[in-house]
Amino acid sequence: MAKISGKYEVLYILDPNLGEEATAALVEKFKALVEGNGTLTSIDEWGKRRLAYPINDLMEGYYVLMTFDAKPEFPAELDRVFKITEGVMRSLITDVEA
């Protein structure tokens, strides 16, 4: 039986050198993308945190955790957008119900 919708969790890390306005703009962009394709359950901005290992010679990143409900096709599209967006260092999308 095919899934109609599912619960997902995404954690992404933004470049800490972007500045407050650019960081807020990216968070809003991803929030709007999720709201346009599903239901945003929560968004939790953890802020700047130390990374476990250097990424692009940076030791800090701006962490954001979002949970949402969406159709099963949407996480692949969201991942594609993360990969082509300047300023996104890492992202991880997890199916919460699996």
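Residues numbered from 1 in each chain as written. Predicted model: local features only at pLDDT ≥ 70, side-chain atom pairs only at ≥ 80, totals over all residues. Heavy atoms only, no water.

Chemist: Quick question: what am I supposed to make of the packing of helix H1 (residues 20–37) against helix H2 (residues 74–84) here?
Modeler: The packing of two helices is summarised by the inter-axis angle and the distance between the axes. Where H1 contacts H2, the two axes come as close as 11 Å, and the packing angle between them is 160°. One way to sum up the angle between H1 and H2 is to call them roughly antiparallel. Two packed elements cross with a definite hand, and for H1 against H2 that hand is right-handed. Where H1 abuts H2, its residues Lys 29, Phe 30, Leu 33, Val 34 and Asn 37 lie against Phe 74, Leu 78, Val 81 and Phe 82. Along the lines of polarity and charge, the residues of the contact of H1 with H2 split into 7 nonpolar, 1 polar and 1 charged. (Axes fitted to C-alpha atoms, helices over the stretch in contact; angles between N-to-C directions. Helix = DSSP H or I, 4+ residues; strand = E, 2+ residues; numbered from the N terminus. Parallel < 35°, antiparallel > 145°, perpendicular 65-115°, else oblique. Left-handed = near helix turned anticlockwise from the far one by under 90°. Contact = heavy atoms within 4.5 Å. Nonpolar A, V, L, I, M, F, W, Y, C, P; charged D, E, K, R; others polar.)

Chemist: Is there a simple way to explain the pattern of salt bridges in this structure?
Modeler: Considering all chains together, one arrives at 3 salt bridges under this definition. Note that Lys 7 and Asp 69 form a salt bridge whose closest N and O atoms lie 3.6 Å from each other. Note that Lys 7 is positioned in strand S1 (residues 6–14) and Asp 69 in strand S3 (residues 58–70), a separation of 62 residues in sequence. Note that Asp 79 and Lys 83 form a salt bridge whose closest N and O atoms lie 3.2 Å from each other. On the criterion of helical spacing, the pair formed by Asp 79 and Lys 83 is a turn pair, its members being 4 residues apart in helix H2. (Salt bridge = Lys/Arg side-chain N within 4 Å of Asp/Glu carboxyl O.)

Chemist: Before we go on, may I ask you to explain unusual backbone geometry in this structure?
Modeler: Generally, phi is negative for residues other than glycine and the peptide bonds are trans, each holding for most cases. Notably, Asn 56 is not glycine yet its phi reads approximately 55°, a positive angle. Along the chain, the position of Asn 56 falls in the loop between strand S2 (38–55) and S3. In this model, Asp 57 sits at a positive phi of 65°, which is unusual for a non-glycine residue. Tracing the chain through its elements places Asp 57 in the loop between S2 and S3.

Chemist: Would you explain the sheet that holds strand S4 (residues 88–95) in this entry?
Modeler: Within a sheet, neighbouring strands are paired by backbone hydrogen bonds and run either parallel or antiparallel to one another. Reading across from one edge, S2-S3-S1-S4 is the order of the 4 strands in this open sheet, with antiparallel pairing throughout. Taken across any chain shown, the strands that pair with only one partner, and hence form the sheet edges, are S2 and S4. Adjacent strand axes in the sheet meet at a mean angle of 20° when their direction is disregarded. Pairing of S1 with S4, which is carried by 7 bridges, proceeds in the antiparallel orientation. Residue pairing for S4: Leu 11 is matched across the bridge by Leu 92. (Pairing = 2+ DSSP bridges.)

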